[in-house]
Each structure stands twice: as C-alpha cells, then as structure tokens.
Amino acid sequence: MSTADSYSQIAYSGGVFSVRTKNGRDMSNDPMVQVSWHGAAAYCNWRSQQDGYEQCYNLSTWTCDFNKHGYRLATEAEWEYAARGGLSGQRFPWGDTISQAQSNFYSSISYSYDISPMKDIVHPLWGVGNYPYTSPVGFFDGTRKYKAEYQWPGSATSYQTKSGANNYGLYDMAGNVGEWCNDWYSSTYYGTSPYDNPTGPVSGSYRVLRGGSWYFNASRCRVAFRDYGYHPGYRYGVIGFRLVLDLN
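Quick caveat, the model's predicted, so the values are computed rather than measured.

A. Representation of the pattern of salt bridges in the model. Per the counting criterion, the structure on display carries 13 salt bridges. Arginine 25 serves as the salt-bridge partner of aspartate 30, at 2.6 Å between the closest nitrogen and oxygen. Residues aspartate 30 and arginine 25 agree in their burial class; the two are buried. Each of Glu76, Glu80, Arg84, Arg210 and Arg226 takes part in salt bridges that share partners, so that together they form one network.

Shown next, in the form of structure tokens:
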C-alpha cells in the first residue's frame, strides 16, 4: 500500500471493502478522503440508486442534470450559502475568528484572526504521529471530549471544544477536509454569471474545492476562499466531499 493510499479510511481486500481502524480508532465517523471528483460523482449516483432517487450524473460525460432529484455535489454557490449559515460579512461559518478549539486546521502565526494558543502546528489532538489527521465529523460541538472515547493520537487526556457549528447546524464547513464542489473553476465566472443560483461554467480544467482542511491554514478555511488547481482525477488525503439532495 502506498503512502497516499494509507490516508484512505476504506480498505479493500479479497473483493471486500471495509472501514479501517487507525491508531486504535474506528474511522466510521471520520470524513471520507482520498476520493477523486469522479469518484465522488459516481458515489452520488450509487447512493441515489440505493435510496430510490434519480441519478444526477452522466458518468460518460460527467455532466450533472440539475433537473434530476437525487444526490449530487453542491454547486460552489450552494456550498458558500450553506457554509455561511445566514451569517453575512464574516470570515468563518460562526464569526470573524477561528481557533483549533473549534476546527481541525493548521494554526499559523501569519493570521491575526487565528486565535489558537499554539502556532505553526497542525491540530494538537489529531496531527500527531501517523495518519489519519482527520477528526470525527461534528467533533467540535462545544463539549469536553475524552481521549478514552476518541483515541486521538495527541497526549491530552481531555479537550474542551468550542462549537464549530453554523446557524444551520452544519459542522466542519471550515477545516478537517476540503470538499469537492460540482463546479469547474473560472476566475472570471461570477462577473457574468446568473445572479440567482449560478451552477458554474460548462467546462474547465479544474474543479473547485472549498472549506480548507487539517493541512491548510486559517486563510484557506475562510468561507470566501476559492481553492482550485485540482484536476477531477486527483486524490489527496486532505480532500473529501459532502452530498446535497434536492427534492424540490
């Protein structure tokens, strides 16, 4: 198994998929990583089929039919709308500052709005030793957590979190893993795009990634930050995805 493949939360052996255990921790509640944009789109179709919904993606052309009612990746505009949670004019889903008590990211001395007590480190609980570096979904909910329950690789036996949820109740919209969006990236698209619910350029070279990650600094975790340069076939240990389901 390559170093890159070891990031994955899923193992495959003898024709069978299984969820890995890392550092004594079952990875069932951690975000999926090491999945390409193509893989995420294919999963959307599979999940739609399993749940009795329409399949949104044409897996030959990789286009999305927004008239279908099934699982798909969020458009970039949908992602930012959801991440802000109704809060406008703020850097992050919950306000204007960020700390490692409420998000899994790389804390850097370069940004005054990063108010973490320790600087120039990955998260002190999750970024120690070997992979995975991800934290369980919804870990940062404002309660005290205990190593005996979560088996984080860091040395602390307990850790007081601060809520990282936004006003829509969504967690991990900043940090943990970057999330594929449906859109092709264009630096000029929003200068001419429809005002209401734009669905992105019809073609491009790279897909948009949003939300920062455990490896990225606070600047790249900002809600407004548009990450690009990721070919849809790329797979990384910092990239995952989040599904949307449009039933209207």
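The rest of the description comes next.
B. Local environment of unusual backbone geometry. Residue tyrosine 133 is not a glycine yet carries a positive backbone phi of 80°. Counting through the fold element by element, tyrosine 133 comes out in the loop between helix 2 (76-84) and strand 8 (144-146). Tyrosine 133 sits in the buried class, given a relative accessible area of 16%. A positive phi angle is found at glutamine 151, which is not glycine, with a value near 55°. Along the chain, glutamine 151 turns up in the loop between helix 3 (147-150) and strand 9 (158-160). Residue classification places glutamine 151 among the partly exposed positions, given a relative accessible area of 31%.

C. How the structure looks around empty space enclosed by the protein. Under the counting rule described, the total for this entry stands at one cavity of 30 Å³ or more. Lining the largest cavity are 14 residues; nearest its centre among them are Gln102, Phe140, Gly164, Asp172 and Ala174. Looking at the lining of the largest cavity, its residues break down into six nonpolar, seven polar and one charged.

D. How the structure looks around the layout of surface pockets. The volume enclosed by the largest pocket comes to roughly 540 Å³. Asp30, Pro31, Met32, Tyr43 and Phe241 are, among the 21 residues lining the largest pocket, the residues nearest its centre. With three residues, helix 1 (residues 37-51) is the largest single contributor of residues to the lining of the largest pocket. Of the residues that constitute the lining of the largest pocket, the class distribution is twelve nonpolar, five polar and four charged. In this structure, the second largest pocket encloses a volume near 290 Å³.

Parameters and conventions
Residues numbered from 1 in each chain as written. Predicted model: local features only at pLDDT ≥ 70, side-chain atom pairs only at ≥ 80, totals over all residues. Heavy atoms only, no water. Salt bridge = Lys/Arg side-chain N within 4 Å of Asp/Glu carboxyl O. Buried < 20%, exposed > 50% of the residue type's maximum accessible area, 1.4 Å probe, protein only. Helix = DSSP H or I, 4+ residues; strand = E, 2+ residues; numbered from the N terminus. 1 Å grid on protein atoms, 1.4 Å probe; cavity = no way out; pocket = protein on both sides within 12 Å on 5 of 7 lines; lining within 4 Å. Points joined across faces, edges and corners; volume = space filled by probe spheres on them. Nonpolar A, V, L, I, M, F, W, Y, C, P; charged D, E, K, R; others polar.

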